[in-house]
Amino acid sequence: MKIYSKVTISLLLCSSFSLADEYAVIANTKIKDLSSTQIKAIFLKKISVIGDIKIVPLNLEARNPLRESFENDVLNMSFERLKSYWTKQHYLGKRPPISMRSQESVKTFVKKVDGAIGYIDAKLIDDSVKVLYRWSE
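Not measured: the values here are computed from a predicted model.

1. Description of the side chain of D121
Piece 1. Looking at the element boundaries, D121 is found in strand β6 (residues 116-121).
Piece 2. Residue D121 is classed as buried on the basis of its relative accessible area, which comes to 15%.
Piece 3. Within the structure, the side chain of D121 is placed 2.9 Å from the backbone nitrogen of K123, a separation counted as a polar contact.
Piece 4. Among residues more than four places away in sequence, those in contact with D121 are E22, Y23, L66 and Q103.

2. Some remarks on the sheet that holds strand β7 (residues 130-136)
Piece 1. Ordered by their spatial adjacency, 5 strands build an open sheet running β5-β4-β6-β1-β7, and the pairing between neighbours is mixed. Every other strand in the sheet has two partners, leaving β5 (98-100) and β7 as the edge strands with one partner each. Going from strand to strand, the sheet's axes swing by 30° on average, the running direction of each strand aside.
Piece 2. Note that strand β4 (residues 56-60) and β6 share 2 bridges and pair parallel. In the sheet register, P57 faces β6, and the bridge partner there is I117.
Piece 3. Helix α2 (residues 36-43) contacts β1 (22-27), β4, β6 and β7 of the sheet and is inclined by roughly 105° relative to β6.

3. Some points on the pairing of β4
Piece 1. For β4, the buried fraction is high: 5 of the 5 residues fall into the buried class.
Piece 2. For β4 and β5, the ladder comprises 3 bridges, and the chain directions are parallel. Following the sheet pairing, N59 is matched in β5 by S99.

4. Concerning the environment of N76
Piece 1. You can see N76 is positioned in the loop between α3 (65-73) and α4 (79-90).
Piece 2. With 36 residues separating them in the primary sequence, N76 and K40 have C-alpha atoms 8.7 Å apart.

5. Comments concerning the packing of aromatic side chains
Piece 1. Scanning the entire structure with this criterion turns up 6 aromatic pairs.
Piece 2. Between F70 and W135 the ring centres are 5.8 Å apart and the planes differ by 55°, which places this aromatic pair in the tilted class. Placement of F70 in helix α3 and of W135 in strand β7 is noted, with a sequence separation of 65 residues between them. Exposure class is identical for F70 and W135. Each is buried.

6. Considering the confidence of the model for the protein
Piece 1. Across the protein, the average pLDDT comes to 89, with 86% of residues at or above 70.
Piece 2. Note on residues 7-16: pLDDT is under 50 here. Beyond four places in sequence and across chains, it has 1 contact.

7. A few points about unusual backbone geometry
Piece 1. Despite not being glycine, R63 has its phi angle at roughly 70°, a positive value.
Piece 2. Within the secondary structure, R63 sits in the loop between β4 and α3.
Piece 3. With phi around 55°, N76 is a residue other than glycine that occupies positive phi space.
Piece 4. Given a relative accessible area of 51%, N76 falls into the exposed group.

Each value, and the rule that gives it
- Residues numbered from 1 in each chain as written.
- Predicted model: local features only at pLDDT ≥ 70, side-chain atom pairs only at ≥ 80, totals over all residues.
- Heavy atoms only, no water.
- Helix = DSSP H or I, 4+ residues; strand = E, 2+ residues; numbered from the N terminus.
- Buried < 20%, exposed > 50% of the residue type's maximum accessible area, 1.4 Å probe, protein only.
- Polar contact = N/O pair within 3.5 Å; in protein donor to acceptor, adjacent residues only side chain to side chain.
- Contact = heavy atoms within 4.5 Å.
- Pairing = 2+ DSSP bridges.
- Axes fitted to C-alpha atoms, helices over the stretch in contact; angles between N-to-C directions.
- Phe/Tyr/Trp six-rings, centres within 6.5 Å; stacked < 30°, edge-to-face > 60°.
- pLDDT = per-residue confidence, 0-100.

Here you go:
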């Protein structure tokens, strides 16, 4: 029978609890740090320029599980509430963020376009993008 130290057991317990999925709001490296309030305002198209950079928010397709997590946990809005919000904004001439099919396409767009901001699984993050915010489920 093996005897484990308290440190080993603690590390094993901590690592098992950190298996939750982690996600991140990412931006082009030219974007400065943003607060969660600013991120929400960007995705609701209340902010469209920061400094001299035009902001381009990117969503995943509707009903994508990561998009639902983003809307619930970062924007603090349900699908139905956002749908109602964008219906009203449509009559004011505002369109929702661009929708992309995959997290890889979001990351590629963010890398190549100044002002682009989107969200992806944290496992896909590398030095080519800037992490603005993280959340987990």
